[in-house]
Amino acid sequence: MNKPLELKELMIDQAQIAKRLRQETSGEVMTDSASRGRYATDASIYQALPVAVLVPKTAEDIATAIQIAAELGVPVLPRGGGTSQCGQTTGAALVIDNSKYFRNILDLDLDKGSVEVEPGIVLDHLNHSLKQHGLWYPVDVSTGGQATIGGMAGNNSCGSRSIAYGNMVHNVLGINAWLANGQIAEFDQYANSSGVAKQLGDFVKGLANTLQPEIEAHFPKVLRRVAGYNLDIFHPQSELPYTQDGSVNLSHLLVGSEGTLAYFKSLKLKLSPLPKHKVLGIVNFASFYKAMDSAQHIVKLGPTAVELVDRTMIDLARSNPSFTKTIETALIDHTAPTPEAILLVEFSGEAHAPLLEKLAALQELIADLGLPGSVVSMSDTSMQKNLWEVRKAGLNIMMSLKGDGKPVSFIEDCAVPLESLADYTQELTEVFSKYGTRGTWYAHASVGTLHVRPILDMRRDGAQKMRAVAEEASALVRKYKGAYSGEHGDGLSRGEWISWQFGPKITQALAEIKHAFDPKGLFNPGKIINPPKMDDVSYFRFPPSYKVIPLQPALDWSAWNVQNNPITEETSAHGTGGDPAMGLAKAVEMCNNNGHCRKFDTEVMCPSYRVTRDEKHLTRGRANTLRLALSNQLDIKDESSPLGSDTIKEVMELCVSCKACRRECPTGVDMAKMKIEFLSAYKKRVGHSLRDLAVAYLPKYASTISSIPLLPVILNLRNRIAPLAKLQEWIMDISAQRSLPIWKTQTFWNQKAIHQQHQFTPEQLAQSDHGKGVVLLADTFNAYFEDENLIAALKVLKAAGYRVHIPHKSKNVSRKSSSNTTCSKEFCCGRTYLAVGMVDKAKETLGELIDHLAPYAEQNIPIIGLEPSCLFTLKDEALVMGFGERAVTVSQQAQLLEEILASEAKAGKLQLTLKSSTKPVLFHGHCHQKSFDAVTPALELLKLIPNAEPKLIESSCCGMAGSFGYEAEHIEVSKQMAEMSLLPSIRKSPDSWVVADGTSCRHQIADGTQREAVHIARILAAHL
Ligand SMILES: Cc1cc2nc3c(=O)[nH]c(=O)nc-3n(C[C@H](O)[C@H](O)[C@H](O)COP(=O)(O)OP(=O)(O)OC[C@H]3O[C@@H](n4cnc5c(N)ncnc54)[C@H](O)[C@@H]3O)c2cc1C
Ligand code: SF4
Ligand code: SF4
């Protein structure tokens, strides 16, 4: 791993600091290479291995750690969500993570409209608590779901609505902080200050007074300037004054100091009333230049946001079926060519009527600018919300570009005065093409800060191009009297540009401030003061020397093994990317550390992080550990395969393969598939346990068990006789606290009269009346343990007029199976094999099913499943197992029961008469169902039941995740996942139906609430 020079020169005794931290603090201390590796990166291109990591539990832990570090001469780096884009959160230091235990609101003063918080509280969590009081903290950064207030203050972060509310510096009232010598100081109003804070304030004031002409000459006069320290608190230069009354607040000196001056213990924040009403005017431009030129006029109308979305992003959104409709609501004419840019202009306030007047004024203004009829007015709140989501998603799609060239942030937040915005963007675009790249523009047109990231390949010529583009961009910023660092901070990307921005005298003054606060230079060295060169490859995450170890993965990752064209963004043919790990490494490297997986909102990702709050149990932590292992940067000994090592086992242990990251991670990091790779490699190394075999081969032995008289009854005794459960736990590590699925003597398969009626060839089905033929998969779980679900599904399908084929090998009517290795008569998707890493067995089993289904799929016959985890194997893993086109054809027809019925209902073709429900319905979506956007159809279908009033339970994973919740070592985590929201929501509605499609989900609900949850097929059948 690349180690910055300072670490080598410091000769730090890592063992000694770890020993003292363990003895003298109650925090979690980590010194192993994997743990340090997980804290070596932020959302920048940089990487530096920490000396050690501390996750403190108490304020005393932090104080003691700072003291120990000072005594041993070890640098200290405070960390929040680690989402910085410029490398300020990377360093060869003792990294202290505040995000796990310092999340409290300490004091809320509603009269004064202020709140005091701990540094690790996440913005969205704070705002969630404030909402009930009609207040919010308005620095609305895009990373609000994961950015901490400490980190936001560290970076002087800025939100989309900064034109109305200002940056962090405008919204911090006071900071209580530790200095590098361990002393606590209170930084707030200078006039009232005392002690060491006053001494430091006096010192800075002296410097500022001496340098007043320099400050006036060199500090850019724009709102968005975050470079260096805010020496201008004594001679304000910002467009928006730091304080309303012109007073000096010493805490503003610490805002934007990137952990280099003091360690924040608590922060006092200024709150704003939540606006009651919002309207949006979307201006369509046929010329990008015109859009940029118009921003200066639009801001005069007093909007709360003016955000740019350029043509590339609009097109990306239009080409994505989930967003097409929404983005088209923003277009004047969706049949006309896509506009070159749109500006989202938001007005907000206490009353609706004046906002409509503002919208009218916007229309008038745009007409005066020569573009009559170019504004779409949007008053509907949910439409506005959807459109903001599309803007975010567009950025995510851009970031998901495969190949080694990536959109790199280093000039992504330069700020220029609005009157120069059009010329600046035009000239910078020319610079990009000069260096063979291109940038997509978006974000804060209101304040002249447009995000743009040219695509560069840091493993090849990226460093040289980055330097060249930065030099030319800086010349443009100077020409237009802007700020080179306008939002995301300095870090390693822009540290060297501080002296360029301010000149030698102010740079010297900043160094003196640092020395006054931190004489030994221990707080986050190399940031702001004495920064390295931005293109020093020894700090890069992917330096030219970066090498991946060769390996043959179990799945096909060739879609990731590609390179891209930075101009057209087209990717090369699958498998041509030159990855020695056949695409697996490149898939892992898709994680750019943006930290979105740390969010806690309504979606699913990442359940294991939600209950542990540990970096290693987070998608990002897993991806980083895999990347480091695959590039041989970890200390993995005596293990033939890094992929199957204990180090990877540690991070994969709590991954429940929920597939949420596959959908919710902006760059599509698919950890569930990566877990299959790990399991395959790991189990090859250590072998399969008895429990693995019991899980994997369930589809094989289920028919034998159910067919031997009395055997099901005997096996079911385990659920009634506690010592038997204990014995099983002892032998097989299956938790005695869990009930097991109940074996039956009557299964779906031994009701021959039923399934034998449902045997049709593809041709017979295709010729069904009105084309209503479907294939219904009878999966192991529903066939052997809950046959009532299959019977119900058949009833519903029959009522709706379908002819149903049920795949079964005894009547293999489509084609003869190519495999003769199995004696089982039932087809299976191979899910249980994948759950324990038996990829070859899964391929064999799933291959047979695909063979059987392909002729049906080729006739466009829908393939319906009841169990989401089984059905979605056809849409997901089946596509990376080398089955070729036939798997793609099958996947296109595969859908859940509710998906086909809901789409038929939408098309007005569903003939199903349903009785009224006597009680309301609560619906819990299976994680895989959520990952494949198949929850909405379930709700739409349930709405067809009169009086059902279906409500979605907002929950993450139920915690069962196949066999995970049955495993003795995971039972507690499994229960915690369920208790986060699923089980409490069900308990709150004692009189409702609970509907859940997943067999494990139903089990968790039954175990945790003693309530029966039913499959959607059953509730539909019950209302026929
Ligand atoms: C996709 C994406 C979108 C983004 N959008 C925005 C945006 O809209 N606006 C914006 O401004 N930024 C944005 N950022 C940058 C980043 O998310 C923000 O700067 C965020 O506020 C950082 O918060 P954090 O908790 O992750 O801080 P970290 O990255 O953990 O830390 C940031 C800095 O603060 C210091 N720090 C942390 N805690 C303390 C403490 N207790 N005491 C002293 N110093 C401390 C750290 O040492 C570091 O220098 C974005 C980043 C990404 C990846
Ligand atoms: S795994 Fe995805 S969401 Fe998490 S940090 Fe990486 S890229 Fe972001
Ligand atoms: S599959 Fe689920 S548990 Fe695993 S990393 Fe992704 S979101 Fe987290």
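Residues numbered from 1 in each chain as written. Chains lettered and ligands numbered in written order. Predicted model: local features only at pLDDT ≥ 70, side-chain atom pairs only at ≥ 80, totals over all residues. Heavy atoms only, no water.

## Focus: the pattern of salt bridges
Right, so step 1: Following the criterion strictly, the structure yields 58 salt bridges and no others.
Right, so step 2: Here Asp-876 ties to Lys-659 by a salt bridge, and the two come within 2.8 Å at their closest N and O atoms. With Asp-876 in the loop between helix H36 (868–875) and helix H37 (885–893) and Lys-659 in the loop between helix H23 (646–652) and helix H24 (660–664), this pair connects stretches of sequence that are 217 residues apart.
Right, so step 3: You can call Lys-659 buried: its relative accessible area is 1%.
Right, so step 4: A salt bridge links Arg-886 to Asp-851; the nearest nitrogen and oxygen atoms lie 2.2 Å apart. Separated by 35 residues along the polypeptide, Arg-886 in helix H37 and Asp-851 in helix H35 (residues 839–858) bring together distant segments of the chain.
Right, so step 5: Assessed through its relative accessible area of 9%, Asp-851 is described here as buried.
Right, so step 6: Taken together, the shared-partner salt bridges in this structure form one network comprising Lys-659, Arg-662, Asp-670, Lys-673, Arg-831, Asp-876 and Glu-877. (Salt bridge = Lys/Arg side-chain N within 4 Å of Asp/Glu carboxyl O. Helix = DSSP H or I, 4+ residues; strand = E, 2+ residues; numbered from the N terminus. Buried < 20%, exposed > 50% of the residue type's maximum accessible area, 1.4 Å probe, protein only.)

## Re the packing of helix H11 (residues 288–298) against helix H16 (residues 421–434)
Right, so step 1: Where H11 meets H16, the axes come as close as 7 Å, and the angle between the chain directions of the two elements is 145 degrees. Side by side, H11 and H16 meet where Phe-288, Tyr-289, Met-292, Asp-293 and Ala-295 of the first sit next to Leu-421, Ala-422, Asp-423, Thr-425 and Gln-426 of the second.
Right, so step 2: Here the contact of H11 with H16 is composed, by residue class, of six nonpolar, two polar and two charged. (Axes fitted to C-alpha atoms, helices over the stretch in contact; angles between N-to-C directions. Contact = heavy atoms within 4.5 Å. Nonpolar A, V, L, I, M, F, W, Y, C, P; charged D, E, K, R; others polar.)

## So, the nonpolar core
Right, so step 1: Grouped together as the largest cluster of nonpolar side chains are 136 residues, with contacts concentrated most on Met-674, Leu-776, Leu-874 and Leu-901.
Right, so step 2: With nine residues, H35 is the largest single contributor of residues to this core.
Right, so step 3: Discounting chain neighbours no more than four positions away, the residues touching Leu-901 are Val-796, Leu-797, Tyr-802, Leu-910, Leu-941 and Leu-1020.
Right, so step 4: One finds Met-152, Ile-175, Val-196 and Ile-528 within the second-largest nonpolar core, a separate group that totals 58 residues. (Core = buried A, V, L, I, M, F, W, Y, C linked by side-chain atoms within 4.5 Å.)

## Points about helix H27 (residues 698–707)
Right, so step 1: Here H27 has its buried residues at Leu-698, Pro-699, Ala-702, Ile-705 and Ser-706. Down the axis of H27, the buried set is contained in an arc of 110 degrees. They therefore lie on one face.
Right, so step 2: Check the buried side of H27 and you find it contacts helix H26 (690–696), helix H28 (711–716), helix H32 (780–784) and helix H34 (831–834). (Arc of directions from axis to C-beta.)

## A few points about the site of ligand 2
Right, so step 1: If you check the shell around ligand 2, you find Cys-591, Asn-592, Asn-593, Asn-594, Gly-595, His-596, Cys-597, Thr-619, Arg-620, Cys-665, Pro-666 and Thr-667 and nothing else.
Right, so step 2: Within the shell around ligand 2, the residues separate by chemical class into four nonpolar, seven polar and one charged. (Near = heavy atom within 4 Å.)

## Regarding the sheet that holds strand E22 (residues 863–865)
Right, so step 1: In space, the four strands of this open sheet follow the order E21-E20-E22-E23, with parallel pairing throughout. Strand pairing shows two members of the sheet lacking a second neighbour, strand E21 (803–805) and strand E23 (894–896), which therefore form its edges. Across the sheet, the mean angle separating the axes of adjacent strands is 40 degrees when strand polarity is ignored.
Right, so step 2: Where H36 meets the sheet, it contacts E22 and E23, and its direction lies at approximately 155 degrees from that of E23.
Right, so step 3: Against the sheet, H37 makes contact with E22 and E23, and its axis sits at roughly 25 degrees relative to E23, the strand it touches most. (Pairing = 2+ DSSP bridges.)

## Structural notes on helix H19 (residues 497–517)
Right, so step 1: End to end, H19 covers just 22 Å across 21 residues, shorter than the expected 30 Å (1.5 Å per residue, more than 12% under).
Right, so step 2: If you look at H19, its biggest bend is around 120 degrees, right at Gly-503, and the proline Pro-504 turns up within four residues after that.
Right, so step 3: Listed in full, the buried residues belonging to H19 are Trp-497, Ile-498, Trp-500, Gln-501, Phe-502, Gly-503, Ile-506, Ala-509, Leu-510, Ile-513, Lys-514 and Phe-517.
Right, so step 4: Elements in contact with the buried residues of H19: strand E9 (184–187), helix H8 (195–210), helix H9 (212–218), helix H10 (251–254), helix H17 (462–479) and helix H18 (491–494). (Expected span 1.5 Å × (residues − 1). Bend = angle between axes of the 7 residues up to and from the residue.)

## Focus: the confidence of the model for the protein chain
Right, so step 1: On average, residues of the protein chain carry a pLDDT of 93, and 96% of them reach 70 or more.
Right, so step 2: Here residues 1–9 is a poorly scored stretch, pLDDT under 50, and it has 24 contacts once near neighbours within four places are set aside; other chains count.
Right, so step 3: Under a pLDDT of 50 for its full length, residues 813–823 has, in the predicted model, 21 contacts with residues more than four places off or in other chains. (pLDDT = per-residue confidence, 0-100.)

## Focus: the site of ligand 1
Right, so step 1: Taken together, 35 residues form the shell around ligand 1, and within it Pro-78, Thr-83, Ser-84, Thr-148 and Cys-158 come nearest.
Right, so step 2: Measuring from a nitrogen atom of ligand 1, one finds a side-chain N or O atom of Glu-487 at 2.9 Å.
Right, so step 3: For the shell around ligand 1, the secondary-structure elements that each account for two or more residues are strand E3 (76–79), helix H6 (149–155) and strand E10 (263–270).
Right, so step 4: A total of five residues in the shell around ligand 1 trace back to one element, the largest contributor, which is H6.
Right, so step 5: Of the residues contributing to the shell around ligand 1, the split by class is 11 nonpolar, 21 polar and three charged. (Polar contact = N/O pair within 3.5 Å; in protein donor to acceptor, adjacent residues only side chain to side chain.)

## Brief notes about a nonpolar patch on the surface
Right, so step 1: Residues Leu-690, Leu-693, Leu-710, Val-713, Ile-714, Leu-717, Ile-721, Leu-724, Leu-727, Trp-730 and Ile-731 make up a contiguous nonpolar surface patch of about 1,000 Å² in total accessible area.
Right, so step 2: Among the elements of the structure, H26, H28 and helix H29 (722–732) are those that each provide at least two residues to the nonpolar patch.
Right, so step 3: Per element, the largest residue contribution to the nonpolar patch is four residues, and it comes from H29.
Right, so step 4: Positionally, Leu-690 belongs in helix H26. (Patch = residues over 30% accessible without salt bridge, like charges linked within 9 Å, V, L, I, M, F, W, Y side chains within 5 Å. Areas by Shrake-Rupley, 256 points an atom, 1.4 Å probe, with all protein chains shown as cover.)

## So, the sheet that holds strand E1 (residues 28–30)
Right, so step 1: Pairing is mixed across the open sheet formed by four strands, whose spatial order is E1-E2-E4-E3. In this open sheet, the two edge strands, each paired with only one partner strand, are E1 and E3. When the angles between neighbouring strand axes are averaged without regard to direction, this sheet yields 20 degrees.
Right, so step 2: Where E3 lies against strand E4 (residues 94–97), four bridges are found, and the strand directions are parallel. Residue Leu-77 lies in a different strand from E4, and its bridge partner there is Val-95.

## Digging into unusual backbone geometry
Right, so step 1: Note the cis peptide between Met-605 and Cys-606, where omega equals -10 degrees.
Right, so step 2: Inspection of the secondary structure puts Cys-606 in the loop between helix H20 (584–588) and helix H21 (607–612).
Right, so step 3: One non-glycine residue with positive phi stands out, namely Glu-569, at about 65 degrees.
Right, so step 4: Within the secondary structure, Glu-569 sits in the loop between H19 and H20.
Right, so step 5: Positive phi, normally seen in glycine, also occurs at Met-582, with a value near 60 degrees.
Right, so step 6: Structurally, the position occupied by Met-582 is in the loop between H19 and H20.
Right, so step 7: Judged by relative accessible area, Met-582 falls into the partly exposed class, the value being 38%.

## A word on the packing of aromatic side chains
Right, so step 1: As enumerated under the stated definition, the model contains 20 aromatic pairs in all.
Right, so step 2: Note that Arg-610 overlies the ring of Phe-600, its terminal NZ or CZ placed 5.9 Å from the centroid.
Right, so step 3: The ring centre of Phe-827 lies 5.6 Å from the NZ or CZ of Lys-809, which sits over that ring. (Phe/Tyr/Trp six-rings, centres within 6.5 Å; stacked < 30°, edge-to-face > 60°. Lys NZ or Arg CZ within 6 Å of the ring centre and 35° of its normal.)

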